[in-house]
Amino acid sequence: MDVNRRDVLKVLLGGTAIGAVTASTAHVAQAAPDKVEPLEDAVGLLYDASKCIGCRACMPACQNANGLAADRGSSHGLYMQPNNLNSQTKNLIKLYVAPDGHERSFMKQQCMHCVDPSCVSGCPMQALHKEAKGVVGWDADLCIGCRYCQIACPFNIPKFEWYRVNPKIVKCELCRHIVGKTQDQPACTKVCPTHAVIYGRRSDLLAEAHRRIQENPGHYYQDRVYGETEGGGTQCLILSRVDYAKLGLPPMGPESNASRVRRVTNVIYQGFLTPVVIYGGLVAIIRDRWKDHLAHVAHGREKNQSKGAQA
Amino acid sequence: MTDHWERCIRLKEPLRTKPFKIFVGLAGFAMLLGLLREVSGLGYVTGLNDGYAWGLFKNWNVTALTALGSGGYAVAVMAWIFNERKFHPIMRTAVLTSLVGYGTGMISLGFDVGRPWNFIHILNPKTWNHHSVLLEVAVCMTAYVILALNFENMPPFLERMYKSGDPQRSERALQIFHYMQKSFPFWIALAFVLPSMHQSSLGSLMFLAGERVHPLWQTARLPLLYLSMAYILGFACVLLVLVLSTYVWNLGWDAAILGRLAMVMSWLTLSWLVLQFVDLAYRGVFEMAFAFDRYSLVFLAETILLLVPALALQVEAVRSRPFRLFRLTLLLTIGGLLYRFTPTSIAFIPLGNYTYFPTVIEILMSVGFTALAVVIFLFTVKRFAILPASEGKIASEAAIRPFDTL
């Protein structure tokens, strides 16, 4: 087989072109063919910030249910006062106050249990995975502690035990170890005195959220539910009067980052066809070059030998 | 005056020089600190936290420095695919820089993971998450080092074996070499496909982070930009190593090879910059580059560090002057490494009140891993025929014939 420079370019550019050019077109393609829809029986939480009184009863309830020691943070050891979600805190009520003091809202921070989660997509070993009913669970036996979930999560939820030799990833798993066994709902919703946070099927919660918006038009920010579409949708939904971005909920398009990555890699890899085809092409080219090279070397050796004979 | 590099020679220089001992000390100390890290949590020895979960070990030693370790890949593409035969004498140097670059990157990764004992599951593909870009990087990099780089680095070792004086070992070396010659194209093709996959996937890694990477860097073209930067830095690394070796060990100056390397690197860099700016414009964030905030300044620094040397290296008179070539390539390397480092660190948005700066231990470990790469390189070039030299120099050495095909 005679391979010339043009063939080489074809193979190489073909490969990169499949990757590069179509990756760009994939980026603008409208329909996401692999969009993940929420499971029929997906469960989650609905947190209505306008109903939350900031009593923080859900926090010790969460600690107890999950066997976590209280983080006394900046309270001089007096009471539970974590500054942030951390390896001891899976659930946290925060208060947002606008700089001018006129606007304020509580915010419940915990895992949003995304419909198509980045952490599950990135986790190399399926340690983070979708449980039954769409709960995002973590499996200690598979986790290698790479912490890619912490990089990938758009809400920065998974936390790591930085000061342990045997560190775990800590995040809300919707009390999956007790729900359906010893109790019918997670610890936080069970103790909430104002029902600011409730537990249920995602579809029911979404309907309830829209009912509240319809009953009180203009009451909630932009009359919308955060998590209905954001980042491909989340199973924990938020209602608030204050701009969601101010509560630390990033504005996101309807496509999940996981889906975007799948789309780009699918276009590049074509179900692993691209690497195989390029590999085959390269073997053909290099085989030719290799024969050529051996001939060159043999020729050079002969020349050297005759030179040596003359000397 | 310019020489013509013909073949690889073993340096007949003393190994235990003062700089060598310093590098050994740094590398050894890093390994001791590594032990300390293994018996304590990551939080005690590093500056990592819940906002910046990845630090020097991953972002610098793996994401940035393995690009520098792509020399074996980049030069091999020139030698084998584009059939530029003059690059064959520097192939051994190139693949050795790759082996030490990737090898120490993998060591760094080993110390970085929190639950390394669970690595055992990588042997069971059933537990793999096939959508995970990180899995692809991990499996692909391991395969590249074990299968391709080891194969490419074998000939110098076989030569030693052949010359051991023991007829049985010589025979064995010839047998292995014979097998290598037969299967050569299949391994070398692997050495092209695997790095293309994981160097682009290193870019996809940060694409998953979405809004958490500043828009100047976050793009669907991250895989392409990361991969092409690996080529550029691969050439740069081989250039730096060769120019430095030429200076220290007086190997002669092959202007044809070095000039061509510089030229290819320069053109690649210029095309890379065009691609990046077209992408910025396409995504409509062009003006962010000139906002003169923290991000914009870092971005402009990267651009200038890449653009100025790339333009200067277009001039023949600049390329042929050792010190100018070295300094400009060094600047370009700094710019390229900064680009590979930034999306994971400076442009990473921690979401919350977090700051990260590596601790002294972390820096010592990171530097020590690089020192280890230098130690292995120095040891190898003084024990095996790796570095290229001109015919005159070879004549004074007992050149080894049976393996000069690789």
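Here the structure is shown first, and the text comes after it.
A quick note: this is a predicted structure, and the numbers were derived from the prediction, not measured. (Residues numbered from 1 in each chain as written. Chains lettered and ligands numbered in written order. Predicted model: local features only at pLDDT ≥ 70, side-chain atom pairs only at ≥ 80, totals over all residues.)

Across its full length, chain B holds 15 helices and 2 strands. Computed over its C-alpha atoms, the radius of gyration of chain B comes to 22 Å, within 12% of the 22 Å expected for a compact globule of 406 residues. Seen through its principal axes, chain B has C-alpha atoms that stretch 65 × 50 × 40 Å. By the burial criterion, 52% of the 406 residues in chain B qualify as buried. Taking contacts inside chain B between residues at least 6 apart in sequence as the whole, the part at least 24 apart equals 83%. (Helix = DSSP H or I, 4+ residues; strand = E, 2+ residues; numbered from the N terminus. Rg over C-alpha atoms; globule rule 2.2 N^0.38 Å. Buried ≥ 20, exposed ≤ 12 C-beta atoms within 10 Å, placed from the backbone. Contact = placed C-beta atoms within 7 Å.)

Residues and elements named next belong to chain A. A positive phi is found at histidine 195, a non-glycine position, where the angle reads about 55°. Inspection of the secondary structure puts histidine 195 in the loop between helix H5 (187-191) and strand E8 (197-201). Look at phenylalanine 272: it is not a glycine, yet its phi comes out positive at around 70°. Topologically, phenylalanine 272 is positioned in the loop between helix H7 (257-269) and helix H8 (273-310). Looking at phenylalanine 272, the number of C-beta atoms within 10 Å reads 10, which means it is exposed.

Turning our eyes to something else, we now look at the pairing of strand E2 (residues 92-97) of chain A. For a regular strand, the rule is simple: side chains alternate between the two faces of the sheet. Residues and elements named next belong to chain A. Bridge analysis of E2 against strand E3 (residues 104-109) gives 6 bridges, and the strand direction is antiparallel. Across the sheet, the residue bridging to valine 97 is arginine 104, located in E3. Joining the antiparallel neighbours E2 and E3 is a turn of 6 residues, in which glycine 101 adopts a positive phi near 80°. (Pairing = 2+ DSSP bridges.)

Attention now moves to the packing of helix H4 (residues 71-81) of chain B against helix H9 (residues 222-249) of chain B. All names here are of chain B. Two elements in contact, H4 and H9, have axes separated by 7 Å at closest approach and are oriented at 95°. One element, H4, and the other, H9, form an angle in the roughly perpendicular class. The segment H4 lies against H9, with Gly71, Tyr73, Ala74 and Val75 engaging Tyr231, Gly234, Phe235, Cys237 and Val238. (Axes fitted to C-alpha atoms, helices over the stretch in contact; angles between N-to-C directions. Parallel < 35°, antiparallel > 145°, perpendicular 65-115°, else oblique.)

Grouped together as the largest cluster of nonpolar side chains are 198 residues, with contacts concentrated most on Val75, Ala76, Phe235, Val238 and Leu239 of chain B. In terms of residue count, H9 of chain B provides more of this core than any other element does, 18 residues in total. Residues lining this core come from more than one domain, with at least three contributed by each of domain 1 (5-32 + 265-310) and domain 2 (43-254) of chain A. When sequence neighbours within four positions are dropped, the list of residues in contact with phenylalanine 235 of chain B reads Gly71, Ala74, Leu261, Val264 and Met265 of chain B. (Core = buried A, V, L, I, M, F, W, Y, C linked by C-beta atoms within 7 Å. Domains from an automatic or database assignment.)

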